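Structural overview
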Amino acid sequence: MAKKTIANVDVAGKKVLIRVDFNVPLDENGNITDDRRIRMALPTIKSVLERGGSLILMSHLGRPKDAPDPKFTLKPAAVRLAELLPGVKVEFATDTVGDDAQAKVAALQAGGVVVLENLRFQPGEKKGDAEFAAKLASFADVYVNDAFGTCHRTDASMVAVPNAMSGKPRVCGFLVEKEIKYLTDAISAPQRPFIAILGGAKVSDKIMVIKNLLGICDKVLIGGAMAYTFSLAKGGKVGSSLVEPDKVDLAKELLAEGGDKLVLPLDVHCGDAFSSDCNKVVVASGEIPDGFEGLDIGPKTAAKYADIVKDAKTVVWNGPMGVSEMPPFDFGTRTVAEAIAASDAISIIGGGDSAAAIQKLGFADKVSHVSTGGGASLEMLEGKKFVAVELLDEA
């Protein structure tokens, strides 16, 4: 699946349209609370600017209802980008393909940047509309996909725009290149032992991931609330834990299919309410008393999982082991994160809550790769192909 990157394109004097992921969190005053996604795009952005190209950046932010909404303007992202690129002229267009965008793109000089207003202010974005895509495509000489977090989608900016730019260079940015390399290499040629750690609330979210990884991994470790559905499938007591009764038969199938490869918790840390100061008890898996719910893997499980990780050569982790934002039920997630950070394995953290946990615990620089796309990384671990990546130029 090797694709050409922006490094393979002569950009001098050219206008380069990059689909970035500037979907950053904002507080109630419109201030960015975490600019990591903007900073992750900088290597691709700087590569174009340093080689004499100019940039048009497009992104979505939040979930506006196909119309302008000041709550979701990309202006704060444009302001932050300007701060991160001292000496570079960063313009913000107040629309996406309208008069302001057209004027600012037309006036763009080498070394300059225009950030377009939120793509999702236009109904054509989610619909993959060809007319909307053609307007965006007309802005530039080169198309770059550097938005891994939306690579599993077929929005206009991901598919219809590069299709409309057929015949012009259509390549990936450095962030997408890195994501594809880590995630596809992990699946196609992993160093062994290859361990997957899957957590989160629902088995239904990760059925296909579990199925795919059982065929590839040496062990698949299960944590989070989905462990209680497996517990129910084995005839265990789950108290008032979060479970999916309609997925019990499926859990039974996965248990039969997985055999020794599928590793379930030995014990559970429970509470009689969803709060830090509830009454707590640690019990064996399948023995959660009435009135209590499982909120984390227990200490024996945490120790066992850490031990398995210690000998791994490749680790993929997606989903917390418990209620990771609420001490003391963050213990399992923290123990697993510490074990991954301390290991010599190639370690890939699959976006979402796992990425947030690794960042919060300060281990982001001790793992090989933290994915920027929770949903996209999950779909890649399922073995799915992405249209948005497939249509890019082959290396």
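Here we summarise the structure given alongside this text. It should be emphasised that the depicted structure is a prediction, and the values quoted were computed from it without experimental measurement. (Residues numbered from 1 in each chain as written. Predicted model: local features only at pLDDT ≥ 70, side-chain atom pairs only at ≥ 80, totals over all residues. Heavy atoms only, no water.)

For Thr 333, the location among the structural elements is in helix 13 (residues 331-342). Thr 333 sits in the buried class, given a relative accessible area of 2%. Thr 333 has contacts with Asp 296, Trp 317, Pro 320, Met 321, Gly 322, Ser 324 and Ala 357, leaving out every residue within four places of it along the chain. (Helix = DSSP H or I, 4+ residues; strand = E, 2+ residues; numbered from the N terminus. Buried < 20%, exposed > 50% of the residue type's maximum accessible area, 1.4 Å probe, protein only. Contact = heavy atoms within 4.5 Å.)

Attention now moves to the sheet that holds strand 4 (residues 113-115). A sheet is described by the order of its strands in space; here six strands give the open sequence 3-4-2-1-5-6, paired in parallel fashion. Of all strands in the sheet, those bounded by a partner on one side alone are strand 3 (90-92) and strand 6 (170-172). Between one strand axis and the next, the sheet turns through 25° on average, direction left out of account. With five bridges joining them, strand 1 (residues 15-19) and strand 2 (residues 54-58) adopt parallel strand pairing. Bridge pairing in strand 2 places Ile 18 opposite Leu 57. Across the sheet, helix 7 (residues 156-164) is in contact with strand 1, strand 2, strand 5 (142-145) and strand 6; its angle to strand 5 comes to roughly 155°. (Pairing = 2+ DSSP bridges. Axes fitted to C-alpha atoms, helices over the stretch in contact; angles between N-to-C directions.)

Look at the link from Arg 192 to Pro 193: it is a cis peptide, with omega at 0°. Looking at where Pro 193 falls in the secondary structure, it is placed in the loop between helix 8 (174-188) and strand 7 (194-198). A cis amide bond, omega 0°, links Pro 327 with the succeeding residue Pro 328. With respect to the secondary-structure elements, Pro 328 resides in the loop between strand 15 (314-318) and helix 13. The phi dihedral of Asp 66 falls on the positive side, at around 55°, and the residue is not glycine. In this structure, Asp 66 sits in the loop between strand 2 and helix 3 (75-84).

Let us now look at the sheet that holds strand 15. Backbone-to-backbone hydrogen bonds pair the strands of a sheet. The strands run either parallel or antiparallel. An order of 10-8-7-15-16-17 is seen for the six strands of this open sheet, with the pairing classed as parallel. One side of each edge strand has no neighbouring strand; the edge strands of this open sheet are strand 10 (262-263) and strand 17 (369-370). Of the pairings in the sheet, the one linking strand 15 to strand 16 (residues 346-349) comprises four bridges and is parallel in character. Looking at the pairing, Val 316 lines up with Ile 348 of strand 16. Together, strand 7, strand 15 and strand 16 form the strand contacts of helix 13, whose direction differs from that of strand 15 by roughly 150°.

The next point concerns the packing of aromatic side chains. Taken as a whole and assessed by the stated rule, the structure comprises one aromatic pair. Ring geometry for Phe 148 against Phe 386: centres 6.5 Å apart, planes inclined by 50°, an arrangement best described as tilted. Taken together, the residues span a long stretch of sequence, with Phe 148 in the loop between strand 5 and helix 7 and Phe 386 in the loop between helix 15 (374-381) and helix 16 (387-390) at a distance of 238 residues. Like Phe 386, Phe 148 is buried. (Phe/Tyr/Trp six-rings, centres within 6.5 Å; stacked < 30°, edge-to-face > 60°.)

A word on the environment of Ile 358. Position of Ile 358 relative to the elements: it lies in helix 14 (residues 352-360). The sequence separation of Ile 358 and Met 321 amounts to 37 residues, and the corresponding C-alpha distance is 13 Å. The residues touching Ile 358, leaving out its near neighbours within four places in the chain, are Trp 317, Ala 337, Ile 349, Phe 363, Ala 364, Val 367 and Val 370.

Glancing now at the nonpolar core. In globular proteins that are soluble, nonpolar side chains generally tend to be buried together. Grouped together as the largest cluster of nonpolar side chains are 66 residues, with contacts concentrated most on Leu 116, Leu 136, Val 161, Ile 210, Val 220, Ile 222 and Phe 230. With six residues, helix 9 (residues 203-214) is the single largest residue contributor to this core. For Ile 210, the residues in contact, after removing those within four places along its chain, are Leu 198, Ile 222, Met 226, Phe 230, Leu 254 and Leu 262. (Core = buried A, V, L, I, M, F, W, Y, C linked by side-chain atoms within 4.5 Å.)

A separate point is the pairing of strand 8 (residues 219-222). Both strand 7 and strand 8 contribute to a ladder of four bridges, which runs parallel. Bridge pairing in strand 8 links Ile 197 to Leu 221. You can see the chain leave strand 7, run along helix 9 and come back into strand 8, and the turn it takes is right-handed. Here strand 8 runs beside strand 10; their pairing, made up of two bridges, is parallel. Pairing of Leu 221 across the sheet is with Val 263, part of strand 10. (Right-handed = clockwise from strand over helix to strand, strands pointing away.)

Tallied over the entire structure, the rule returns 18 salt bridges. Across the pair Arg 80 and Glu 83 runs a salt bridge, and its minimum N-O distance is 3.0 Å. One end of the pair is Arg 80 and the other is Glu 83, both in helix 3 and three residues apart, which spans about a single turn. A salt bridge links Arg 170 to Asp 393; the nearest nitrogen and oxygen atoms lie 3.9 Å apart. Taken together, the residues span a long stretch of sequence, with Arg 170 in strand 6 and Asp 393 in the segment after helix 16 at a distance of 223 residues. Several salt bridges share partner residues, and in doing so they unite Asp 35, Arg 39, Arg 80 and Glu 83 into one network. (Salt bridge = Lys/Arg side-chain N within 4 Å of Asp/Glu carboxyl O.)

All of the buried residues in helix 3 are Pro 76, Ala 77, Ala 78, Leu 81 and Leu 84. Buried positions along helix 3 lie against helix 1 (36-40), helix 2 (42-50), strand 2, strand 3 and strand 4.

So, about the side chain of Lys 3. Within the secondary structure layout, Lys 3 lies in the segment before strand 1. A relative accessible area of 8% means that Lys 3 is categorised as buried. At 2.9 Å, the side chain of Lys 3 and the backbone oxygen of Glu 390 are in polar contact. Within the structure, the side chain of Lys 3 is placed 3.0 Å from the backbone oxygen of Leu 392, a separation counted as a polar contact. Dropping the residues within four chain positions of it, Lys 3 is found in contact with Cys 172, Val 389, Glu 390, Leu 392, Asp 393, Glu 394 and Ala 395. (Polar contact = N/O pair within 3.5 Å; in protein donor to acceptor, adjacent residues only side chain to side chain.)

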